[in-house]
Amino acid sequence: QVHLVESGGGLVQAGGSLRLSCAASGRTLNNYAMGWFRQAPGKERYFVAAINQSGSTTYYGDSVKGRFSISRDNAKNTMYLQMNSLKPEDTAVYYCAADGNYVRIVNGLVGSWGQGTQVTVSS
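All values derive from a computational prediction rather than experimental measurement. (Residues numbered from 1 in each chain as written. Predicted model: local features only at pLDDT ≥ 70, side-chain atom pairs only at ≥ 80, totals over all residues. Heavy atoms only, no water.)

A.B. asks: Would you mind going over the nonpolar core with me for this structure?
C.D. replies: Considering soluble globular proteins, one finds that nonpolar side chains tend to be buried as a cluster. In this structure, Met34, Trp36, Leu81, Met83 and Tyr94 are the most contacted members of the largest nonpolar core, which totals 29 residues. With eight residues, the next largest nonpolar core counts Phe37, Ala97, Tyr102 and Val110 among its residues. (Core = buried A, V, L, I, M, F, W, Y, C linked by side-chain atoms within 4.5 Å. Buried < 20%, exposed > 50% of the residue type's maximum accessible area, 1.4 Å probe, protein only.)

Here you go:
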């Protein structure tokens, strides 16, 4: 099972930007589709973005389209989420995820999860 560690969360003002990183170890990352999810207090986990093994295909949740961008650097065994034009509604714990099947990631069926990193957007 691949081990995932998120970083880059913190406090940012509305309209600002933040980049999250997800470092993988234990397995070769290019064998895994990757994704980002988030969960706010009292709410269900929400799909944010997904990327296939090669990085050629991406998919985004409706609320982040045009503002967030997912990418990966397989040589560095790292995935990223660039978040721009942040809103208070984006406040949540963000989790990275990995699975051998891209369709499973898009549908929230995930084999490996990171521990999460807190993102707080102030108004």
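A.B. asks: In this structure, what is going on with the state of the cysteines? I would like to understand it.
C.D. replies: Under the defined criterion, the tally for this structure stands at one disulfide. Across the disulfide, cysteine 22 is cross-linked to cysteine 96 (sulfur-sulfur distance 2.2 Å). Because the torsion about its S-S bond is 55°, the bridge between cysteine 22 and cysteine 96 counts as right-handed. Here cysteine 96 lies in strand E9 (residues 92–99) and cysteine 22 lies in strand E3 (residues 18–25), a separation of 74 residues in the sequence. We note that cysteine 22, like cysteine 96, is buried. (Disulfide = S-S within 2.5 Å. Helix = DSSP H or I, 4+ residues; strand = E, 2+ residues; numbered from the N terminus.)

A.B. asks: Help me understand the packing of aromatic side chains, please; the structure alone is not making it clear to me.
C.D. replies: Two descriptors summarise a pair of aromatic rings, namely the distance from one centre to the other and the angle between the planes of the rings. Under the counting rule described, the total for this entry stands at four aromatic pairs. A network of ring pairs unites the aromatic residues Phe37, Phe47, Tyr59, Tyr95 and Trp113 as a single cluster. The aromatic ring of tyrosine 95 is capped on one face by arginine 45, whose charged end is 4.1 Å from the ring centroid. Against the face of tryptophan 113 rests arginine 45, its NZ or CZ located 4.2 Å from the ring centre. (Phe/Tyr/Trp six-rings, centres within 6.5 Å; stacked < 30°, edge-to-face > 60°. Lys NZ or Arg CZ within 6 Å of the ring centre and 35° of its normal.)

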